[in-house]
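Tertiary structure, described
Spelled out, the chains give:
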Amino acid sequence: MSLPRFQALLLRTYTDKDFRAQLAENSAVLADEDLTEHERKTLTTLPFEKVESFHNSLRGKRWGMFRKNSKRLMNAGTAFISSFYISSPALFVDGEMTGAVPFPLELLVLLKHLESREALITPKTLLESYLDIPSASPASLFKAVLFSYRNGIIGKKPRIL
Amino acid sequence: MKKNLDSIPFFGAGIGLRTELERQLREHAEDVLVLEVITERFFEKSAREGTLASFAKDFRIIPHGVKLSIGSALPLDYEHLEKVKAVCEFLDAPYYSEHFALTRHGDEFDTGHLSPIWFTQENLEVVIAHVKEIQDYLERPLVLENITSSFEIPNADYEEPEFISAVCQETGCGLLLDLTNVFINAYNRKTDPYDFLQRIPLDRVIHMHLAGGKLHHGVMEDTHSEPLSGINEEVWPLLEWTAPRATRLSTLIIERDSNFSGSFEDMLLTDLRRAQKIIEDSKKG
């Protein structure tokens, strides 16, 4: 049964721009996939322009949810974050961190971290429904706080900064 | 399945509970007959016993899920379903609503958004099997919502209305008819919304949604951010036409997910009263 693999590839076209471009240009990208001819043909004849719009709307929705929730989370969690970093002073040198995570993942991991550590201060929202959140690392958490303060997401300067 | 579509009472018109609206909903409890909550928000016991319990004292509450991914060909996620069941039981929900959609593929991909099902025979069999399994597990009817989509997956065996009808026919499930989604799809695809409505089993409609979208570069977007006026005025004749035909209609919910800056009256109450009058009149007629 190849339908599950078809669905995985279909969802990938919604979220992976490079894969979508490869698929649109050259169907050989599916050569090694266990798909029926019907499924293969369907993936290569998707309305790619419209899929591109869908991809953009997904990003916009995620970003909107992220902004909406991050403000609330950050405000509520500032004290918690500060105490977290105070307890980990070796996490930064001259304001720079190693193990950089590209924006905006820094903030996403912070949200996840707050959600897992401090359920009571987080809004009961659908973060996991809208965000791909990797596991938190201290470096990315620190970058999140720094970024948030510099961009006005955290209104009050955390004590550590 | 213990409960069935015929045992569902009429609740009337209400509003989707969102954090930003909580204070105003408490202040206007006498105007709002029913609330709809996003089920996943109350997966934690503490959330159920806090916010949900406090609203349940004053409102009838219907749970609505967004993350079941009923179109996925993978086995159902029973960890997720167990939490859904806990919310349903907490609210003594007469039915559970979700979407005709694909949102994730196990742990490999999660779009976080509703995407269209490929309307093939194989997918139809998958959805039918899932609906039956979910209804048995939850011990209540499933009520499934039509979604908006800017495109359709090609090489399908069915058109959307026929796919929806077949699922209803084979499983006995109900429909959550989102009239705004019908309007938006028709607007963007340049089709007739009444053609869609005439091809689905309206006697299975248990629940309805209305929400205001926005026109962006000629494309109607399902933003849930506007009152039902201007271009969104189009949903009212659809409701007037549908309500008398939706003989099992229990609940109509107006959804608002962003742009909370206006007064509660302008954002929601005016539309709520108008919707309530239309569905009440249809019940009398």
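Brief notes about the packing of helix α1 (residues 3-15) of chain A against helix α3 (residues 37-44) of chain A
All names here are of chain A. Between α1 and α3, the least distance of the axes is 11 Å, while the angle of their chain directions is 5°. Considering the angle they form, α1 stands roughly parallel to α3. On α3, the residues touching Leu3, Phe6, Leu9 and Leu10 of α1 are Glu39, Thr42 and Leu43. Within the contact of α1 with α3, the residues separate by chemical class into five nonpolar, one polar and one charged.

So, helix α9 (residues 264-284) of chain B
All names here are of chain B. For α9, with 21 residues, the first-to-last C-alpha span of 29 Å sits near the 30 Å given by 1.5 Å per residue. Where α9 is concerned, the buried positions are Phe264, Met267, Leu268, Leu269, Asp271, Leu272, Ala275, Gln276, Ile278, Ile279 and Ser282. At its buried positions, α9 is contacted by β1 (12-16), α1 (22-27), β9 (205-216), α8 (235-242) and β11 (251-255).

Some points on the pairing of β9 of chain B
Residue and element names in this part refer to chain B. Across the twelve residues that make up β9, a large majority, nine, are buried. Strand direction decides the pairing type here: strand β8 (residues 174-178) and β9, joined by four bridges, are parallel. When the bridges of β9 are listed, Leu176 appears paired with His207. Examined bridge by bridge, β9 and β11 share five bridges and lie parallel to one another.

Focus on the interface of chain A and chain B
The interface is formed by 34 residues belonging to chain A together with 37 residues belonging to chain B. Surface buried jointly by chain A and chain B totals about 3100 Å² across both partners, of which 64% is contributed by carbon and sulfur atoms. Seen at the junction of chain A and chain B, the total is six residue pairs in polar contact (both at pLDDT 80 or more). Contributing elements (two or more residues each) for the side of chain A that touches chain B: α1, α3, α4 (48-86) and α6 (127-130) of chain A. The greatest single-element share of the side of chain A that touches chain B, amounting to eleven residues, is contributed by α1 of chain A. Among the residues forming the side of chain A that touches chain B, the class breakdown is 16 nonpolar, six polar and twelve charged.

Overview of the packing of aromatic side chains
Counted under the stated rule, the structure contains ten aromatic pairs over all chains. Plain terms: the ring middles of Tyr14 of chain A and Phe151 of chain B are 5.7 Å apart, the flat faces sit at 65° to each other, and that makes the pair edge-to-face. In this pair, Tyr14 of chain A is assigned in helix α1 and Phe151 of chain B in the loop between β7 (142-145) and α5 (160-171), connecting two distinct chains. The exposure class of Tyr14 of chain A is buried, given its relative accessible area of 0%. Judged by centre distance (5.5 Å) and plane angle (75°), the rings of Tyr194 of chain B and Trp241 of chain B are edge-to-face. On the criterion of sequence distance, the pair formed by Tyr194 of chain B in helix α7 (residues 193-198) and Trp241 of chain B in helix α8 is long-range, its members being 47 residues apart. Each residue in the set Tyr14 and Phe54 of chain A together with Phe151 of chain B is aromatic and connected to the rest through ring pairs, giving one cluster. It is Arg245 of chain B that lies over the ring of Trp241 of chain B; its NZ or CZ is 3.8 Å from the centre.

Quick notes on the rules
- Residues numbered from 1 in each chain as written.
- Chains lettered and ligands numbered in written order.
- Predicted model: local features only at pLDDT ≥ 70, side-chain atom pairs only at ≥ 80, totals over all residues.
- Heavy atoms only, no water.
- Axes fitted to C-alpha atoms, helices over the stretch in contact; angles between N-to-C directions.
- Helix = DSSP H or I, 4+ residues; strand = E, 2+ residues; numbered from the N terminus.
- Parallel < 35°, antiparallel > 145°, perpendicular 65-115°, else oblique.
- Contact = heavy atoms within 4.5 Å.
- Nonpolar A, V, L, I, M, F, W, Y, C, P; charged D, E, K, R; others polar.
- Expected span 1.5 Å × (residues − 1).
- Buried < 20%, exposed > 50% of the residue type's maximum accessible area, 1.4 Å probe, protein only.
- Pairing = 2+ DSSP bridges.
- Buried area = accessible area lost by both parts, 1.4 Å probe.
- Polar contact = N/O pair within 3.5 Å; in protein donor to acceptor, adjacent residues only side chain to side chain.
- Phe/Tyr/Trp six-rings, centres within 6.5 Å; stacked < 30°, edge-to-face > 60°.
- Lys NZ or Arg CZ within 6 Å of the ring centre and 35° of its normal.

Geometry only, nothing functional implied.
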